[in-house]
Protein chains: 2
Amino acid sequence: MDTIPVYLDCDTGIDDALAIAHLLASPRAELLGVGTVSGNSDAAQCARNTLDLLALAGRPDIPVAVGNHDFQAAPYGGGSPHVHGDNGMGGLELPRAPREPETESAAQMLVRLAREHRGRLHVIAVAPLTNLAEALRLEPRLPELVAHVTIMGGAALAPGNLTPAAEANIFHDPEAAADVLAAPWELTLVPLDVTMTEVMEEEHRLRLLNSGKPLPEALGRMLEYYFEFYRGIFGRPCSAMHDPLAAAIALGEVTVTRAPVVRAAVETGHGPARGATVCDLRGIYRGSGDQDGAHCRVVLEAEPGFPDFLVDGLLRAF
Amino acid sequence: MDTIPVYLDCDTGIDDALAIAHLLASPRAELLGVGTVSGNSDAAQCARNTLDLLALAGRPDIPVAVGNHDFQAAPYGGGSPHVHGDNGMGGLELPRAPREPETESAAQMLVRLAREHRGRLHVIAVAPLTNLAEALRLEPRLPELVAHVTIMGGAALAPGNLTPAAEANIFHDPEAAADVLAAPWELTLVPLDVTMTEVMEEEHRLRLLNSGKPLPEALGRMLEYYFEFYRGIFGRPCSAMHDPLAAAIALGEVTVTRAPVVRAAVETGHGPARGATVCDLRGIYRGSGDQDGAHCRVVLEAEPGFPDFLVDGLLRAF
């Protein structure tokens, strides 16, 4: 089986770190480049985190580009230090890698890789969609150049997280998300509906922490911070696996059990539903709910067991 | 047990007819008056349908008031003839009752009944909330005068029906719904989440149709039209029990098994989420999800079996 060339757009971020580690560990993926955007932390800090993680993983060869600091309709607002720590890594200080970010922007990197790997590149976006929207403006033919786009973001039938209606990646830049969902590429949306069901428990974290391997150990340490935030959500120390689940779904490593292909749009008004991902799921009462002419596959359910798969893979690879 | 004095606001409508019949059949309810509003059909036609139903049920003494023809931000758009028929009754022509609607408006009737039954009146609204919002403007102290408001409307975590995000009663007049949900009364919202799970089947309809009793027989006949619409939703002739379920929940006749009390708001922008009922259900991962200071109980699940309860009650009472 050929590997899948991947561009990752992220805001590293604790679960972004897990996604990066998984993309390096998976035999199915060839991670060609990473672009960052503000979200969990600011775009430049996210790039530093990414470079440091890649070095710790023994992959300092992978280029990282800094993307947008601000969102389409609003300036960056300071990230989520209560979720991901002041530095996005739960306060963990990784050894500083010598490599610096590229001179090209994240959107420029995405367009370049799409042209170089025409028809083959998979775009995995686990952050606000600002860079992807910019790339669509730089190269309107991007949807023809790219094989598939997988997005961790949104809430289809599940509650939001940052607001009652909206998931954080979409809420930070609804205008960009609206542009990205409207573009004519094949999209897979991995919303809270499924990411909140794949929960990493303390036993998983301890396996990473006590592995004696630098990258898994670092992930186990930063997850302690993330678990504390999720204690307020689930009532116990654990965490949802948003970003690595999206990466694994993009690679076809997780069996999705309910994923209708439907029309999807983003609410960009400034009312209580701002940032909501409005997916037309009215067909679910009749069966699959697929809609003719739609191009957004919305993953509502997946087979359980992803955290085990993730941890096993990381401990095997590193 | 004292009976509960009820003001019903409706847009009769086939399932409204079932709600009216149930309120007459239930030993718990004392139906004091009915106000109509445009929705399934126009407000005047809905009042005529209501008067004719009440006469057929042997209750021509109950007054009916015509409410708003148009919505707060938009004119009435012609109703739902594909769901409820041109006359709102699935095309069935009921014997015309001699009684005419009251001279007071629906909002005036609601305010009058709230004053006359201070602290005891239950408001059951199974239609666009235009009349309730007008009543709040006529009498800003209405929330202190009324015991409880139960609304059939909205979609909390379920898909909408009229749009991907919005249920019809709310979508017709989101501005009115926003006013009603913001007012400081104790509210119970009965959204599509639960009404789409209580499905009347052909066997129920045939029990009504073949009962040999005028009102149940009429309901069985008009339900044939409604069932045809729902064939497109569920893939078989049947129907959701929106309005009568809300009435039964208001009367405490149905055990609700999941109904957190949360903050709720209505999206009034003109984007894809217009008319969405944004309920803050982010607490569901931790248990009940109740929020301090909230006053909207959102019914997400109820014990099954409501259609049997409904039909049994109608056949016993009439």
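Quick caveat: nothing in here was measured; it's all calculated off a predicted structure. (Residues numbered from 1 in each chain as written. Chains lettered and ligands numbered in written order. Predicted model: local features only at pLDDT ≥ 70, side-chain atom pairs only at ≥ 80, totals over all residues. Heavy atoms only, no water.)

**Here we look at the interface of chain A and chain B**
With 29 residues of chain A at the contact, the number on the chain B side is 29 residues. Summed over both sides, the interface of chain A with chain B buries roughly 2,300 Å², with 65% coming from carbon and sulfur. For chain A, the biggest contributors to the area lost against chain B are A:Pro159, A:Arg282 and A:Tyr285; these three give 30% of the whole. Taken together, chain A and chain B are joined by zero salt bridges. In terms of residue count, the dominant contributor to the side of chain A that touches chain B is helix α11 (residues 214-234) of chain A (three residues). (Contact = heavy atoms within 4.5 Å. Buried area = accessible area lost by both parts, 1.4 Å probe. Salt bridge = Lys/Arg side-chain N within 4 Å of Asp/Glu carboxyl O. Helix = DSSP H or I, 4+ residues; strand = E, 2+ residues; numbered from the N terminus.)

**Examining the packing of aromatic side chains**
As enumerated under the stated definition, the model contains twelve aromatic pairs over all chains in all. Ring centres of A:Tyr226 and A:Tyr230 lie 5.0 Å apart, and the angle between their planes is 75°; this geometry places the pair in the edge-to-face category. Here A:Tyr226 pairs with A:Tyr230, and both are found in helix α11, just four residues apart, close to one helical turn. Neither residue differs from the other here; A:Tyr226 and A:Tyr230 are each classed as buried. Put simply, the rings of A:Tyr226, A:Phe229, A:Tyr230, A:Phe234 and B:Tyr285 touch in pairs and so form one group of aromatic residues. In this arrangement the basic side chain of A:Arg205 is found over the ring face of A:Phe227, its NZ or CZ atom lying 5.9 Å from the centre. (Phe/Tyr/Trp six-rings, centres within 6.5 Å; stacked < 30°, edge-to-face > 60°. Buried < 20%, exposed > 50% of the residue type's maximum accessible area, 1.4 Å probe, protein only. Lys NZ or Arg CZ within 6 Å of the ring centre and 35° of its normal.)

**A short note on the UniProt feature "domain: Inosine/uridine-preferring nucleoside hydrolase" (unreviewed entry) in chain A**
As annotated by UniProt and renumbered to match this structure, "domain: Inosine/uridine-preferring nucleoside hydrolase" (unreviewed entry) occupies residues 6-301 of chain A. Secondary structure across residues 6-301 of chain A comprises 37% helix and 17% strand; the distance between its end C-alpha atoms is 24 Å. (UniProt positions renumbered as here; feature names shortened; annotations may be inferred.)

**Things to note about helix α2 (residues 43-56) of chain B**
Residue and element names in this part refer to chain B. The terminal C-alpha atoms of α2, which comprises 14 residues, lie 20 Å apart, in line with the 20 Å expected from a rise of 1.5 Å per residue. Of all the 14 residues making up α2, ten are buried; the element is thus mostly covered by neighbouring parts of the structure. All of the buried residues in α2 are Ala-43, Cys-46, Ala-47, Arg-48, Asn-49, Thr-50, Leu-51, Asp-52, Leu-53 and Leu-54. Packing partners of the buried residues in α2 comprise β1 (4-10), α1 (14-25), β2 (29-36), β3 (64-66) and α11 (214-234). For α2, the side-chain oxygen to backbone nitrogen distance between the N-cap and Ala-44 is 3.1 Å, and the N-cap itself is Asp-42. Among the residues trailing α2, Gly-58 stands out with phi positive, at a value near 80°. (Expected span 1.5 Å × (residues − 1). Polar contact = N/O pair within 3.5 Å; in protein donor to acceptor, adjacent residues only side chain to side chain.)

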